[in-house]
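# Per-entry structural report
Here is what each chain is made of, one letter per residue.
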Amino acid sequence: MQIMAKFAHKTMIMKIAVPTRDGRVDDHFGHCAYYTIFDVVNNQITGVSKMASPEGCGCKSGIAPVLKQMGVQVMLAGNMGQGAKNVLEAQRIEVIRGCSGDVDQLVKDYLDGKISDNGEVCAHHDCH
């Protein structure tokens, strides 16, 4: 007798946030104009929305718990200070630094496995 194993299809759902200015990754997370939020299901973008950036520097703005409450799991950013990185990671949001360019293409590249963290931490507020 042949036994057939059945595996439940698991739907992968995630949200990705990108600090944005004029449709491009903002060079500094803490001073972005807004966040572009991508809804992803099974590695495909299913929705895109924008959220205004709160007042204040990134690590002190209170944005991390707001993003976590929205379901964001990944932050694709340009430059970011260690404080902001720590605050996001405390909310279990994975931080990928060193990103640049068009936000739509960036997220597609991330989903294709072409984007990884550059390991660089911005040490001052005028980092570019």
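These numbers were taken from a predicted model, which means no experiment stands behind them.

Our next topic: the confidence of the model for the protein. Across the protein, the average pLDDT comes to 84, with 80% of residues at or above 70. Here residues 1-7 is a poorly scored stretch, pLDDT under 50, and it has zero contacts once near neighbours within four places are set aside; other chains count. Here residues 124-128 is modelled with pLDDT under 50, and outside its nearest four sequence neighbours on either side it reaches eight contacts, counting other chains as well.

Let us now look at the pairing of strand β4 (residues 44-52). With eight bridges connecting them, strand β3 (residues 34-41) and β4 associate as antiparallel partners. Along β4, the bridge assignment pairs Tyr35 with Met51. Between β3 and β4, which pair antiparallel and follow one another directly, the connecting turn spans two residues, one of which, Asn42, has a positive phi of 50°.

A few words on the pairing of β3. Side-chain direction in a regular strand flips from residue to residue, so the side chains alternate between the two faces of the sheet. Extensive coverage of β3 is indicated by the burial of six of its eight residues. In this structure, strand β1 (residues 13-21) lies alongside β3, joined through eight bridges in antiparallel fashion. Paired with Ile13 across the strands is Val41, a residue of β3.

Scanning the entire structure with this criterion turns up four salt bridges. A salt bridge links Lys15 to Asp39, with the shortest nitrogen-to-oxygen separation between them at 3.4 Å. With Lys15 in strand β1 and Asp39 in strand β3, this residue pair connects regions lying 24 residues apart in the sequence. Taking relative accessible area as the criterion, Lys15 reaches 25% and is therefore assigned partly exposed. Residue classification places Asp39 among the partly exposed positions, given a relative accessible area of 24%. Close ionic contact of Glu89 with Lys85 constitutes a salt bridge, the shortest N to O distance being 2.6 Å. Within this pair, Glu89 and its partner Lys85 are both found in helix α2 (residues 82-90), separated by four residues, close to a single helical turn.

Our focus in this paragraph is the environment of Thr20. By secondary structure assignment, the location of Thr20 is in strand β1. A residue is classified by how much of its surface remains accessible, and Thr20, at 1% relative accessible area, is buried. Separated by 16 residues in the primary sequence, Thr20 and Thr36 have C-alpha atoms spaced 6.3 Å apart. In this structure, Thr20 is in contact with Asp26, Cys32, Ala33, Tyr34, Tyr35, Thr36 and Val103, ignoring residues within four places of it in sequence. Polar side-chain contacts of Thr20 include one of 2.7 Å to the backbone oxygen of Val18.

Turning our attention to the nonpolar core. Phe29, Tyr35, Leu67, Met75, Met80 and Leu88 are the most contacted members of the largest nonpolar core, which totals 17 residues. Of all the secondary structure elements, the ones that give two or more residues to this core are β3, α1 (63-70), β5 (72-76) and α2. Ranked by the residues each element gives to this core, the list is headed by α1, at three residues. With residues up to four places along the chain from it excluded, the contact list for Tyr35 reads Val18, Pro19, Thr20, Phe29, Ser49, Lys50, Met51, Ala52, Ser53, Pro54, Ile63 and Met75. In this structure, Val18, Val40, Val74 and Ile96 belong to the second largest nonpolar core, which totals 14 residues.

So, how was this worked out
Per chain, residue numbering runs from 1 following the sequence as it is written. Since the coordinates come from a predicted model, pLDDT governs what is reported: local features require at least 70, and pairs of side-chain atoms require 80 or more to be given and counted, while whole-chain, interface and lining totals use all residues. Side-chain descriptors were evaluated using all non-hydrogen atoms of the structure, hydrogens and water having been removed beforehand. Per residue, pLDDT captures the predictor's confidence, and it can take any value from 0 to 100. Here, residues are in contact when the closest pair of their heavy atoms is within 4.5 Å. Here, strands pair whenever DSSP counts at least two bridges between them. Think of it this way: any DSSP run of H or I at least four residues long counts as a helix, any run of E at least two long counts as a strand, and we number them from the N terminus. Burial here depends on accessible area, computed with a 1.4 Å probe over protein chains only, as a share of the maximum for the residue type. Under 20% is buried, over 50% is exposed, and the range in between is partly exposed. Only one rule defines a salt bridge in this text: a Lys or Arg side-chain nitrogen within 4 Å of an Asp or Glu carboxyl oxygen. Two N or O atoms count as a polar contact when they lie within 3.5 Å, although within protein this holds only if one can serve as hydrogen donor and the other as acceptor, and sequence-adjacent residues are included solely when both atoms are side-chain atoms. For our purposes a nonpolar core is just a set of buried Ala, Val, Leu, Ile, Met, Phe, Trp, Tyr and Cys residues, chained together by side-chain atoms within 4.5 Å.

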